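Reading the structure
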Amino acid sequence: MSFHSHTPSRSVFPKGPSFTLEDFSSRDYIVKEFIEALSDSATSNRRSTLGPAAGNQPFDPKPLIRTFEHAQRRLGELSGDLEIKENELSAAVRRAEAQHSQNLNTLGKKLKQAIESFQQLDTSLHSNTPELAGSTGNMAVETGRKLEELDRQRRRALDAHFLLQCWDGVSNRGEITLLENLRRSGSGEAKVRSAHIARQLLRISQRLDPKSWSGSLQNEGSNGATTPNEATPNGTGFRWNTREIIEKFSETLEKDLLKQFDDFYRKANFEGMKDCATVLQDFNGGASVVALFVNQHQFFIDRSQLVTEEVGGDPETWESLADPDAEPTGVEPSLQSLIDEVRVVVQEESAVIKRAFPNFEQVLGKFLQRVFQQSIQQRLEMVLEKANSVSSLAFLRSLQSSRSSISTLVDELKAHGLTEHPEAISSQTSLVLDQQLEDLFVPYFVGSSYIEREKRTLEELYTSLLFKFTTFHARRKKATTTFMASLSKSGSELLASARDAYINRLESSEFSSTQKSVLLQVAGLKESNDLAKPSDIKLSEEDGLPSISYAKRMLKWLAEAVGRGLELSVSSETPKDMLTLLNLLQSLMGEGYLEVCLDAALEAATAQESGKSEPDFSYLPAVRDSISIANLMVMCINTLLIPLAANSVTIRREMEKKTNLATVRIEEKINTTEQKVIDITLMWVNKILSGQKKNDFRPKEGDSTAWLEKLQTPTCATLCAFLTRAHDSAVNSLPVSGTNVRQLLSEIALGTRSLLLEHFKRFVVNGPGGLMVTKDMTQYTNLLKSWDIDDQIKGPSGMLDVLLEVGSLFVIGTEALRERVRGPDNITSRRNAGASGRGTEVGLGAHEVRAYVSRREDSNTSAMQQILNVL
């Protein structure tokens, strides 16, 4: 809409501006600028009309007022138009909102109806009540099931019809053409069906044609062709031998399938192999196809030629295997080669078996049985037979190494997984492997055969090692005639019988040349002729002494046998085996070796009881070595044998009881021998003291100066020298560890003390002689205190100090003696319970002091008599 003048003539007033609605709705519209624009246009128009001369005239607002009035009026019109348009738009919006709300309500109702329809349909599909309106889904499912059942019945009817046709051909015409055509069709499904029908025909023939199964019919003519049977009167017989016809077809079918399986196997067609195997499994259990696969396997064909080869090997290796002191070698090379090949073949063939057989786990079990029971078992028997021909120890070591290697093979096959590779092996296959491993070694562990072989082997080795020892002591037993020899007669008989049995066995054909050579080497003999005349064998004193190295060798052989037994034998038999080995160890090492050594030492000590010569303690080293051997043996029993019998409380207690009895018996022999050492030592001390001269402590006045220059009497020097030799022999010959030496020297010191106290009661002592008594007592005391004995004996105020007190009784004056007797520290008041509960008095009793004082030469004086009266 525009605002302008409608008169074409020239107007007095200037023309006004023209406006539209867009001018005011633009974003650039500003009121101030709009007003200024109106003013500027009005001013410029006025100036152009009046000209420059009118510049001084006053301002005329009327045009502007009219212009503003016109603009205001026009703005009012525009505002009205705008309000009308706004009202129209608002009404349209309200109508649109009402329509949108109505549409939403309509759509909501339709959605609700759809959900209700769906729920109703779902309920009808899952309802079990045919009467419900929504049961159409169940009706469809039921209809489908019935259709499937009808289809199965139809197929069964067709199969029955086909079966009847086949039976009709077999029974009436003696032909099986339909089955032949089905078999030759080539498809795997057709062969499976023909196998099923053939099996059903056999059952029908067995029921309807029993004569063909009784063997009473003669079905072979002169030309070898099948002839018809004669019809029976009641009409139940058949003209043809149905059993023979069907079985021939079955054989043909089986041969065809087996040949086809073999062809597929050579072409690595695993799918074809599996089809044939499936048919044969369904036809006759699959035994024939499994036998074909296993028997025709190249591994068994190749190994059948190698299994007959003799077991070779390096002769030095077999000799080392028979040497008890040599480390056991590994498994025999040919057996190890077979085991390595089996590992590869089984892992490869397990994958083939899984792809070629439906019942692959059963087939793998058959294959594993054939591998273990034929190949491995035959080679294992040959290896063990060869080892047994070498020696019994070689057999046991070969048995252990073979068992370990085959057990490793089984573990590796289990870890591989075989048909389940790379997954873990199935429990069924794992059970088959464990059973095969156990069956391989069952013959060698029947009853107590294994532990008896171990025992016999150890007996042979122990007897060989101790042969010279037993021979030496057998000669010694024959030569002795003492009372102790008669007491140990049983031991002599044991040695002789063991040696004779060993000689007889070694000379028999039971031992091989290698084993004889090894045993002779262990026995320290050069030739077997030395056994024929044991009395001519040159023996030294060392052969009769105990040897710790021998004991260690014996215990090492025992430990090897124990370890081998734990690896090979059944765990439930371990306690019994340990009891058997304990009895063997105590018999051969305890009684036949250790106790014989102690008996010999005891006899040597007993032989010196006569006291005709100075005691010879050369047998003490044997006692020391015997103690060491006893410690080794008991330690071995307590740490090795008894703990392994923990599963059986009864056997464990029996072993502990036997060990304690043997230990007590050995300790008694050792204690008896050491007591003999103490007795003969004190006996010789007494003999030396008995050689003391009466004038040694009563010198003459002319000899006083020369006599006083002596440090000790000759008897004292002799006795000190002997005690020093006895001490050195005990210290150097008995074990330093423990308390044996300490107790032995303590007993000798106490015994010597007692003898010395009694010794000086027998001599009259004058003044110079009292000094010699003091010197002798000092020598004795210093010597005995230098020994490693109990502190209660050699310590301050100990038992040996009494010797010094006795010496002082012969030298102190009358007044000093009186003061000592009366004083608080008098020698009669000091007493002690003694060491080790001996209850020996440290001080001297009153009667003992009186005995010594009365031996003084001045004891007849009045002063000494007063002292004696006080005592």
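Residues numbered from 1 in each chain as written. Predicted model: local features only at pLDDT ≥ 70, side-chain atom pairs only at ≥ 80, totals over all residues. Heavy atoms only, no water.

This is how it is decided: UniProt positions are given in the numbering used here, feature names are shortened, and annotations may be inferred rather than shown by experiment.
Per an unreviewed UniProt entry, the recorded name for the protein is Putative Exocyst subunit-Sec10p, and the organism is Aspergillus calidoustus. Per UniProt, the protein has the following entry under Sequence similarities (unreviewed entry): "Belongs to the SEC10 family."

Looking at the overall build of the protein
Put simply, the rule reads: For the purposes of this entry, the term helix denotes a DSSP run of H or I that reaches at least four residues, the term strand denotes a run of E that reaches at least two, and both are numbered from the N terminus. Burial status follows relative accessibility: with a 1.4 Å probe on protein chains alone, a residue under 20% of its type maximum counts as buried, one over 50% as exposed, and anything between as partly exposed. Residue contacts are counted whenever heavy atoms from the two residues lie within 4.5 Å of one another. Here the open area of atoms and residues is found with the Shrake-Rupley method and a 1.4 Å probe, where only the protein chains shown may cover a residue.
Each helix and strand counted, the protein has 35 helices and zero strands in total. Counting every position in the protein, which comprises 871 residues, the buried fraction comes to 41%. Excluding contacts between residues fewer than 6 apart, the proportion of contacts in the protein whose partners are at least 24 apart in sequence is 74%. As displayed, the protein has an accessible area near 47,600 Å², and 52% of this comes from carbon and sulfur atoms.

Digging into the pattern of salt bridges
Heads up, the condition is: One side-chain nitrogen of Lys or Arg within 4 Å of one carboxyl oxygen of Asp or Glu is enough to make a salt bridge.
In total, this model carries 27 salt bridges according to the counting rule given. The partner of Glu595 in a salt bridge is Arg665, and the shortest N-O contact between them spans 2.8 Å. Placement of Glu595 in helix H24 (residues 574–606) and of Arg665 in helix H26 (residues 649–690) is noted, with a sequence separation of 70 residues between them. Here Glu595 falls in the buried class, since its relative accessible area comes to 8%. Salt bridges sharing common partners tie together Arg397, Glu454, Glu560 and Arg564.

As for the nonpolar core
Convention followed: By nonpolar core is meant a set of buried Ala, Val, Leu, Ile, Met, Phe, Trp, Tyr and Cys residues that side-chain atoms within 4.5 Å join together.
Among the nonpolar cores identified, the biggest contains 187 residues, and Phe357, Phe372 and Tyr780 are the most heavily contacted of them. If one sorts the elements of this core by residue count, H24 sits on top with 15 residues. Excluding residues within four positions of it along the chain, Phe357 makes contact with Phe261, Lys274, Ala277, Val289, Val290, Phe293 and Val363.

Topic: the packing of aromatic side chains
Condition: Aromatic contacts are taken between Phe, Tyr and Trp rings whose centres are within 6.5 Å, Trp giving its six-membered ring; a plane angle under 30 degrees counts as stacked, one over 60 as edge-to-face, and the others as tilted. Either the NZ atom of lysine or the CZ atom of arginine qualifies as a charge over a ring when it sits within 6 Å of the ring centre and within 35 degrees of the ring normal.
A full pass over the atoms with the stated rule returns 13 aromatic pairs. Plain terms: the ring middles of Phe293 and Phe357 are 5.4 Å apart, the flat faces sit at 75 degrees to each other, and that makes the pair edge-to-face. Placement of Phe293 in helix H10 (residues 287–295) and of Phe357 in the loop between helix H13 (333–356) and helix H14 (360–390) is noted, with a sequence separation of 64 residues between them. Pair check on accessibility: Phe293 and Phe357 agree, each one buried. For the ring pair Phe293 and Phe367, a centre distance of 6.3 Å and an interplane angle of 50 degrees mean the geometry is tilted. Taken together, the residues Phe293 in helix H10 and Phe367 in helix H14 connect sequence positions 74 residues apart. Accessibility classification places Phe293 together with Phe367 in one group, the buried group. Among the aromatic side chains, those forming a connected cluster through ring pairs are Phe261, Tyr265, Phe293, Phe357 and Phe367. Taking NZ or CZ as reference, Lys354 lies 5.9 Å from the ring centre of Phe360, over its face. Here Lys386 stacks its cationic end above the ring of Trp318, 5.9 Å away from the centre of that ring.

Section: the environment of Asn732
Looking at where Asn732 falls in the secondary structure, it is placed in helix H28 (residues 714–733). Considering only alpha carbons, one finds Asn732 and Leu620, 112 residues apart in sequence, at a separation of 8.9 Å.

Some remarks on the confidence of the model for the protein
The following threshold applies: Values of pLDDT, ranging from 0 to 100, describe the predictor's confidence in every residue of the model.
In this model, the protein carries a mean pLDDT of 80, and residues with pLDDT of at least 70 account for 80%. Counting contacts from residues 216–236, a segment whose pLDDT is below 50, to residues more than four positions away or on other chains yields 29 contacts. Note on residues 479–492: pLDDT is under 50 here. Beyond four places in sequence and across chains, it has 10 contacts.

Looking at the side chain of Asp696
Stated formally: Positive charges are assigned to Lys and Arg, negative charges to Asp and Glu, while His and the chain termini are left out of the count. Any pair of N or O atoms that falls within 3.5 Å is considered a polar contact. Within protein, one atom must be able to donate a hydrogen and the other to accept it, and sequence-neighbouring residues count only if both atoms are side-chain atoms.
Structurally, the position occupied by Asp696 is in the loop between H26 and helix H27 (704–708). One buried charge, Asp696, has no salt-bridge partner; the nearest side chain with opposite charge is Lys693, at 5.8 Å. Of note is the side chain of Asp696, whose polar atom sits 2.7 Å from the side chain of Gln692.

Focus on empty space enclosed by the protein
Heads up, the rule is: Think of a 1 Å grid over the protein atoms and nothing else: a 1.4 Å probe that fits but is trapped marks a cavity, an open set flanked by protein within 12 Å on at least five of seven lines marks a pocket, and residues with an atom within 4 Å of a point count as lining. Grid points are joined across faces, edges and corners, and a volume is the space filled by probe spheres set on the points. Residue type decides the class: Asp, Glu, Lys and Arg count as charged, Ala, Val, Leu, Ile, Met, Phe, Trp, Tyr, Cys and Pro as nonpolar, and the leftover types, Gly among them, as polar. What fixes the domain bounds is an automatic or database domain assignment.
Scanning the model with the defined rule gives six cavities of 30 Å³ or more in all. Lining the largest cavity are Ala322, Ser391, Ser392, Leu393, Thr457, Glu460, Leu461, Gln515, Val518 and Leu519. Split by residue class, the lining of the largest cavity holds five nonpolar, four polar and one charged. In this structure, the lining of the largest cavity is formed jointly by two domains, domain 2 (297–444) and domain 3 (449–673), each of which donates at least three residues.

Overview of the packing of helix H17 (residues 449–465) against helix H23 (residues 548–568)
As a reminder, the rule being used: Geometry is summarised by axes, namely lines fitted to C-alpha atoms with helices restricted to the contacting stretch, and by angles between N-to-C directions that run from 0 to 180 degrees. Comment on the angle field: the value is read as roughly parallel under 35 degrees, roughly antiparallel over 145, roughly perpendicular from 65 to 115, and oblique elsewhere.
With their axes 11 Å apart at the nearest point, H17 and H23 run at an angle of 170 degrees to one another. When the interaxial angle is binned, H17 and H23 end up roughly antiparallel. Every residue of H23 that contacts H17 at Tyr450, Glu454, Leu458, Leu461, Tyr462 and Leu465 is listed here: Tyr550, Arg553, Met554, Leu555, Trp557, Leu558, Ala561, Arg564, Gly565 and Leu568. Grouping the constituent residues of the contact of H17 with H23 by class yields 12 nonpolar, one polar and three charged.

Points about the packing of helix H8 (residues 242–266) against H10
For clarity, the threshold we go by: In a left-handed crossing the near helix is turned counterclockwise from the far helix by less than a right angle, and in a right-handed crossing that turn is clockwise.
Remark: H8 packs on H10, axes separated minimally by 10 Å, with the N-to-C direction vectors making an angle of 35 degrees. Seen from above, H8 lies across H10 with right-handed handedness. The segment H8 lies against H10, with Glu254, Leu258, Phe261, Asp262 and Tyr265 engaging Ser288, Val289, Leu292 and Phe293. Of the residues that constitute the contact of H8 with H10, the class distribution is six nonpolar, one polar and two charged.

Considering unusual backbone geometry
For the peptide bond that leads from His421 to Pro422, omega is 5 degrees, which places it in the cis range. Positive phi values are uncommon outside glycine, yet Ser797 reaches one of about 60 degrees. Along the chain, the position of Ser797 falls in the loop between helix H31 (791–794) and helix H32 (801–809). Ser797 sits in the exposed class, given a relative accessible area of 51%.

What to know about the environment of Asp599
Looking at the secondary structure, you find Asp599 in helix H24. By relative accessible area, which is 17% here, Asp599 ends up buried. Taking the C-alpha atoms as reference points, Asp599 and Val623, separated by 24 residues in sequence, lie 9.7 Å from one another. At 2.8 Å, the side chain of Asp599 forms a polar contact with the side chain of Lys669.

A short note on the side chain of Thr457
Inspection of the secondary structure puts Thr457 in helix H17. Looking at Thr457, its side chain comes within polar contact range of the side chain of Ser392, at 3.1 Å. In this structure Thr457 touches Ser392, Leu393 and Leu396, once residues within four positions along its chain are discounted.

Regarding the environment of Glu332
The topology assignment puts Glu332 in the loop between helix H12 (315–322) and H13. Among the residues examined, Glu332 registers a relative accessible area of 9% and is labelled buried. C-alpha separation for the pair Glu332 and Trp318, spaced 14 residues apart in sequence, amounts to 9.6 Å. One polar contact links the side chain of Glu332 to the main-chain amide nitrogen of Leu335, over a distance of 3.0 Å.

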